[in-house]
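Coordinates in review
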Amino acid sequence: MRLQATRRRRQAWFRRVVVGVVGLFFALPLVAMVEFTTRAPGGGRSLDTWTTLFDLSAVDRDYPELKTGLIASAGLAVLTVVIMLVLLVPTMTWVRLRLPGMRRTIEFICLLPLTIPAIVLVVGLAPVYAWVTYFLGESSIWLCFAYVVLVLPYAYRALDAGLSAIDVKTLAEAARSLGASWFTVMWKVILPNIRTAVLLAAFLSVALVLGEFTIASLLNRDNLQVAINLLGKRNASISIAVSFAALLIAFLVLFAMSFVGNGRRLRRVRRSKES
Amino acid sequence: MAELTAPGTTVAPGRPTSRRPTGALLGVLPFFGYTAIFLLTPTLVVVIGAFLGDGNRPSLGNVTALTQPQVVSAFVNSVVLSAVTAVLGAVFGALLSYAVATGRPGGTLRRVMTALCGVLAQFGGVTLAFAFVATVGMQGFVTIWLQKIGVDLAGSTWLFEPTRGLVLVYTYFQIPLMLIVFLPAVEGLRPQWREAAETLGGSTWDYWRHVAGPILAPSFIGALLLLFTNAFSAYATAAALVSQGSPIIPLQIGGALSSEVLLGQENVGKAMALGMVVIVAVVMTLYAVLERRTTRWLGR
């Protein structure tokens with residue numbers, strides 16, 4: 001018992017020191033961003049940068065690229081998630097039901113983008129996007145096709161974990177024997193059972209899309225990150241303020257997500273009870 | 001989802017076990033079609049383009065162009081930068097993971113840390129570049145503070161050099177990534193193992209040397225490799241920070257792609273991209289082998 005108490009005390013000290021030091025390193029640039037954006041021209045503090053940022057009409061007038069980028073990124077996030085889900089969920093379910101031999105192939109393809117950096121992918125995507133522009137036009141929204149490829153590995157892993165936790169085969173056969181169509185099986189049986197996994201895959205995809213810069217920048221499209229980068233050349237304060245706001249919002253979303261994640265732990269417990 | 005109903009009609013509801021492979025294959029057609037266009041085609045464009053010269057004739061010219069001094073130095077810079085930041089990130093990230101793992105599971109510390117690390121590791125890019133401009137840039141918070149005690153950072157290109165400033169910025173997103181990748185492995189250590197070691201009279205050192213160390217080693221090296229590829233493929237941060245020259249290979253590729261000054265340089269960009277893929281593929285293969293071992297031991 002004494003041994004454990006000593007160890008626990010030592011661990012507590014270790015934790016405080018390490019979290020303190022690394023936390024300081026993490027916090028310094030964030031504090032610097034706040035400090036930088038609250039500087040007044042003649043020295044002293046002012047909130048001018050932030051009031052401009054929250055004044056939507058001023059942003060629209062002075063920084064139109066920011067508005068365009070934000071709208072483009074929001075649209076891209078939605079469209080990428082939709083295409084990703086429509087492409088992956090039916091395919092992965094179908095493979096589990098009817099083509100189990102193909103699981104390795106699908107997994108390999110989905111994880112392939114991990115070995116192909118975005119900067120390499122964009123080199124090969126340039127000619128593909130020449131065709132996309134020819135058929136669909138030059139709008140930034142079509143970047144969603146490339147973004148689906150970028151999110152494949154993360155979405156695949158999340159969905160695969162979700163599908164592994166349920167008995168897809170029995171559920172589908174039960175529904176089919178009761179006369180359900182394949183669409184009903186997907187929409188009313190499989191999807192509700194893997195909703196935590198779907199949510200996780202969607203959040204990972206949204207985070208990735210909102211943070212994407214490489215492909216959008218090199219294909220000369222607009223998104224949030226491209227806009228922030230452009231602003232940086234003109235007005236450092238405002239671009240740092242937008243960067244800070246983006247980081248803060250992303251943090252709050254992920255922090256909220258950590259409470260949703262509890263559902264996963266519950267399911268794991270349930271699964272271990274079954275086996 | 002309409003494609004799923006079509007093959008389904010070939011199977012009567014009463015005989016779910018009957019196999020019609022050709023019909024079943026239709027169900028995966030959209031997936032293969034999509035990945036063929038947006039994943040396979042770009043990959044082939046890079047691989048084939050790397051070996052095409054003027055007038056689309058096969059040539060090794062692009063590959064030999066990789067021996068140009070600035071390309072070689074960019075590759076060297078990239079590998080060194082990635083290796084150094086991977087080691088720094090892995091060591092500090094592992095310490096942080098262990099510190100966080102000793103805390104209460106589901107506690108505030110863990111929630112805040114994992115959320116913060118998720119943001120810093122994955123959301124980074126341009127925003128982190130600006131964070132460091134605000135910190136150690138010309139007018140940065142720390143720069144001004146250091147000037148007061150007589151250290152001058154402003155006026156030098158300190159922040160933009162791959163061996164100095166970029167190491168700092170890259171480490172800033174490598175440590176969080178390490179936490180995300182390594183925390184599950186540390187959490188996989190059962191308290192019973194420690195208790196067993198203590199019951200048998202083992203010291204803390206014995207426990208780390210003979211139990212925890214060997215169990216965590218494959219995950220640690222695997223995470224290290226992942227960190228290497230992460231830094232090696234990163235483009236956004238460097239692109240937002242470095243305004244002159246292309247000291248690392250992703251910037252060289254970006255330059256070759258966006259400038260049309262030199263005709264024929266386009267395919268040199270593809271050769272550089274192929275070089276990157278080869279390096280990443282080697283590292284990722286090692287990672288996959290290690291991951292298989294980790295899974296075996298930690299039962300994940």
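All figures in this text were calculated on a predicted structure; none of them were measured in a lab. The residue numbering used here restarts from 1 in each chain and proceeds along that chain's sequence as written. In the order they appear in the text, chains get letters beginning with A and ligands get numbers beginning with 1. Owing to the predicted nature of the model, reporting of local features is limited to residues with pLDDT of at least 70; listing and counting of side-chain atom pairs is limited to 80 or more, with chain, interface and lining totals taken over all residues. Water and hydrogen atoms were dropped before computing side-chain values, which therefore reflect all heavy atoms in the structure.

Details of the overall build of chain B
For helices the rule is a DSSP run of H or I covering at least 4 residues; for strands it is a run of E covering at least 2, with both sets numbered from the N terminus onward. Each helix and strand counted, chain B has 14 helices and zero strands in total. If you list the helices and strands of chain B from N to C, you get α-α-α-α-α-α-α-α-α-α-α-α-α-α. Out of the 300 residues in chain B, the part that is buried amounts to 50%. Taking all contacts inside chain B whose residues are at least 6 apart in sequence as the whole, residues at least 24 apart take part in 69%. With residues, only the protein chains shown are counted as cover, and all accessible areas are computed by Shrake-Rupley using a 1.4 Å probe. For chain B, the exposed area adds up to about 13,900 Å²; of that, 66% sits on carbon and sulfur atoms. Each residue is placed in one exposure class: buried if its accessible area under a 1.4 Å probe, protein chains only, is under 20% of its type's maximum, exposed if it is over 50%, and partly exposed if it falls in between. Whether two residues are in contact is decided by their heavy atoms: any pair within 4.5 Å suffices.

What to know about the overall build of chain A
For chain A, the helix and strand inventory stands at 14 helices and zero strands. Using C-alpha atoms as the atom set, the radius of gyration is obtained and then compared with a globule rule of 2.2 Å times the number of residues to the power 0.38. By the compact-globule yardstick of 19 Å for 275 residues, chain A is too spread out, its C-alpha radius of gyration being 24 Å. For chain A, the C-alpha atoms occupy an extent of roughly 75 × 75 × 35 Å along the three principal directions. Burial statistics for chain A: of 275 residues in total, 49% are counted as buried. Taking contacts inside chain A between residues at least 6 apart in sequence as the whole, the part at least 24 apart equals 76%.

Regarding the pattern of salt bridges
The salt bridge definition used is simple: a Lys or Arg side-chain nitrogen within 4 Å of an Asp or Glu carboxyl oxygen. This model, assessed by the stated rule, comprises six salt bridges over all chains. E35 of chain A is paired through a salt bridge with R39 of chain A; the nearest N and O atoms lie 2.9 Å apart. On the accessibility criterion, E35 of chain A (17% relative accessible area) is buried. Residue E198 of chain B pairs with R194 of chain B through a salt bridge whose shortest N-O separation is 3.9 Å. Separated by four residues within a single helix, E198 of chain B and R194 of chain B lie in helix α10 (residues 191-199), roughly one turn from each other.

Section: helix α3 (residues 29-49) of chain B
Note that the bend at a residue is defined as the angle between axes fitted to the seven residues ending at it and the seven residues starting at it. Considering bend angle alone, the principal kink of α3 of chain B is centred on A36 of chain B and spans about 45°. Buried residues of α3 of chain B: F31, Y34, T35, F38, L39, P42, V46 and G49 of chain B, and no others.

Focus on the interface of chain A and chain B
Listed by partner, the interface residues are 85 residues for chain A and 85 residues for chain B. Two parts placed together each lose some accessible area under a 1.4 Å probe, and the buried area is that loss summed for both. Interface of chain A and chain B: buried area, both sides summed, is about 8,000 Å²; carbon and sulfur atoms make up 79% of it. The largest contributions to the chain A side of the interface with chain B come from F26, R98 and V123 of chain A, which together make up 9% of the buried area. Linking chain A with chain B are zero salt bridges. Contacts described as polar in this section are N or O atom pairs within 3.5 Å, which, within protein, must combine one atom able to donate a hydrogen with one able to accept it, while residues neighboring in sequence count only if both atoms come from side chains. At the surface where chain A touches chain B, the tally comes to four residue pairs in polar contact (both at pLDDT 80 or more). The greatest single-element share of the side of chain A that touches chain B, amounting to 20 residues, is contributed by helix α1 (residues 2-37) of chain A. Considered class by class, the residues forming the side of chain A that touches chain B number 60 nonpolar, 16 polar and nine charged. In this classification, Asp, Glu, Lys and Arg are treated as charged, Ala, Val, Leu, Ile, Met, Phe, Trp, Tyr, Cys and Pro as nonpolar, and every other residue, Gly included, as polar.

Some words on the packing of helix α5 (residues 69-102) of chain B against helix α9 (residues 165-187) of chain B
Think of two packed helices as two axes; the pair is described by the angle between the axes and how far apart they sit. Residues and elements named next belong to chain B. Orientation is described by lines fitted to C-alpha atoms, with helices fitted over the stretch in contact, and by angles between N-to-C directions that extend from 0 to 180 degrees. For the pair α5 and α9, interaxial distance at closest approach is 6 Å and the crossing angle is 45°. By the angle between their axes, α5 is oblique relative to α9. Pair α5 / α9 crosses with right-handed handedness. Taken together, the residues of the contact of α5 with α9 sort by class into 20 nonpolar, seven polar and one charged. Just so you know how the angles are binned, under 35 degrees is roughly parallel, over 145 roughly antiparallel, 65 to 115 roughly perpendicular, and the rest oblique. A clockwise turn of the near helix away from the far one marks a right-handed crossing, whereas an anticlockwise turn of less than a right angle marks a left-handed crossing.

Focus: the packing of helix α5 (residues 103-111) of chain A against helix α7 (residues 144-164) of chain A
Residue and element names in this part refer to chain A. Contact geometry for α5 and α7: axes closest at 7 Å, N-to-C directions at 140°. In terms of orientation, α5 lies oblique with respect to α7. Residues R103, I106, E107, C110 and L111 of α5 pack against L152, P153, Y156, R157 and D160 of α7. Of the residues contributing to the contact of α5 with α7, the split by class is six nonpolar, no polar and four charged.

Comments concerning unusual backbone geometry
Phi angles above zero are rare outside glycine, and N220 of chain A is one such case at about 60°. Examined against the element boundaries, N220 of chain A turns out to sit in the loop between α11 (214-218) and α12 (224-234).

Here's the deal with the environment of T143 of chain B
With respect to the helices and strands, T143 of chain B occurs in helix α8 (residues 141-148). Distance from T143 of chain B to T127 of chain B, taken between C-alpha atoms, is 19 Å for residues 16 residues apart in sequence.

Some details on the confidence of the model for chain A
Per-residue confidence from the predictor is reported as pLDDT, a score between 0 and 100. Averaged over all residues, the pLDDT of chain A equals 85, while 93% of them reach at least 70. Counting interchain partners and residues more than four positions distant, the pLDDT-below-50 stretch residues 263-275 of chain A has six contacts.

Describing the environment of A40 of chain A
All names here are of chain A. Along the chain, A40 falls in the loop between α1 and α2 (48-54). The class of A40 is buried, set by a relative accessible area of 17%. Those residues in contact with A40 that lie beyond four places of it in its chain are R45 and S46.

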